[in-house]
Amino acid sequence: MNITLNNRPESFDQESLSITEILKLKKFSFKLMVIKINGKLVRKPDYESSFVKDGDDLQIIHMISGG
Amino acid sequence: MKIMKFERIKEVLKNKTVGIAGCGGLGSNCAVALARVGVGKLIIADFDVIEESNLNRQYYFHHQIGEKKVDCLKENIKLINPYIEVEAHDVKLDVKDIYDIYNGCDVLVEAFDKAEMKQIIIETNYEKLPSIPLVLGLGMAGWGNLESIHLRKSDNLYICGDEISEVSEDFPPLAPRVGIVSNMQADVVLELLLKEK
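In this report, the structure presented in the accompanying data block is examined. Being a predicted model, the structure only gives us computed values, none of them experimental.

Thresholds applied
Position labels on residues start from 1 in each chain and follow its written sequence. Chains carry letters and ligands carry numbers; both start at the beginning, A for chains and 1 for ligands, and go up in the order they are written. pLDDT decides what is reported in this predicted model: residues at 70 or higher carry local features, side-chain atom pairs at 80 or more are listed and counted, and totals for whole chains, interfaces and linings draw on all residues regardless. Note that water and hydrogens are dropped before the side-chain values are worked out from all heavy atoms of the structure. Helix numbering and strand numbering both begin at the N terminus, where a helix is a DSSP run of H or I of at least 4 residues and a strand a DSSP run of E of at least 2. Throughout, the radius of gyration refers to the C-alpha atoms, and the reference size of a globule is 2.2 Å times the residue count to the power 0.38. Accessibility here uses a 1.4 Å probe with only protein chains present; expressed as a share of the type maximum, an area under 20% marks a residue as buried, one over 50% as exposed, and anything in between as partly exposed. Whether two residues are in contact is decided by their heavy atoms, any of which lying within 4.5 Å being enough. Note on areas: Shrake-Rupley, 1.4 Å probe, and residue coverage restricted to the protein chains presented here. To obtain an axis, a line is fitted to C-alpha atoms, over the contacting stretch when the element is a helix, and the angle between two such axes runs from 0 to 180 degrees between their N-to-C directions. These descriptions rest on fixed angle ranges, namely under 35 degrees for roughly parallel, over 145 for roughly antiparallel, 65 to 115 for roughly perpendicular, and the rest for oblique. The hand of a helix crossing depends on one turn: near helix anticlockwise from the far one by less than a right angle means left-handed, and clockwise means right-handed. For this classification, the nonpolar set comprises Ala, Val, Leu, Ile, Met, Phe, Trp, Tyr, Cys and Pro, the charged set comprises Asp, Glu, Lys and Arg, and every other residue, Gly included, is treated as polar.

1. Concerning the overall build of chain A
For chain A, the helix and strand inventory stands at one helix and seven strands. When the helices and strands of chain A are listed from N to C terminus, the series reads β-β-β-α-β-β-β-β. A compact globule built from 67 residues would reach a C-alpha radius of gyration of about 11 Å, and chain A, at 12 Å, matches this within 12%. Within chain A, buried positions represent 48% of all 67 residues. Contacts in chain A between residues far apart in sequence, at least 24 positions, make up 57% of those at least 6 positions apart. For chain A, the accessible surface area stands at approximately 3,800 Å², while carbon and sulfur atoms represent 49% of it.

Here it is, written out as structure tokens:
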């Protein structure tokens, strides 16, 4: 599938992946994140059951302390 | 790039309200920039008092150590531009406060230091204030590596920073990078406010 990840094109061999799987594949290990699929917020308990498919817009924003 | 005379810019901005959540390094510098250009009303909130260690980046003065940040920021803004209305809330913000305090704003600026609070304001904005653009500061610790600082747009979120540099004891936030990111936030606010409807 071809998706948009953080405003950039990204390809995966699989036809669909859960958020949990994408985080593992991308080696994203941040503790706090805000994740949206096609503009819809996905909370942590739903990472396992929320799937990304071809053409989706995935936004993963890492929460970083400082300010 | 849009062009406009400063007189006209002031005309537009004087009827606008910007919310700033947190009055530390990001919030104090962003508020001052917005006051200088003449945003009519600023709504600021913080629970903290000024410590000497804050002065390496925050818009406060040595004689203000020990005083409330919201009171001093209001005072400092008034010294720069007495025509700005400043609504100051001495409060540790939670979900309900964020809605109650900021629901009338044209734009909201996230200026917290803790990652947990940044997440809370994004989720609150998404659920309760979806029509208000939220301008975030994410990643500005240390010094150098300026080419990594960017603006990223995600729906109604505007992310300013390098999205990498997390503050820690050995990696403190310092005036230059915090100033750059907070002024980027102020510039994004201006862009949103001056967008012709």
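2. Here we look at the packing of helix α2 (residues 25-37) of chain B against helix α3 (residues 69-80) of chain B
A pair of packed helices is characterised by two quantities: the angle between their axes and the separation of those axes. Residue and element names in this part refer to chain B. Closest axis-to-axis distance for the α2/α3 pair is 9 Å, and the angle between their directions is 25°. In terms of their interaxial angle, α2 and α3 are classed as roughly parallel. As for how α2 packs across α3, the hand of that crossing is right-handed. Between α2 and α3, the contacting residues are G27, S28, A31, V32, A35 and R36 on the first element and L73, I77 and I80 on the second. For the contact of α2 with α3, the class distribution of residues is six nonpolar, two polar and one charged.

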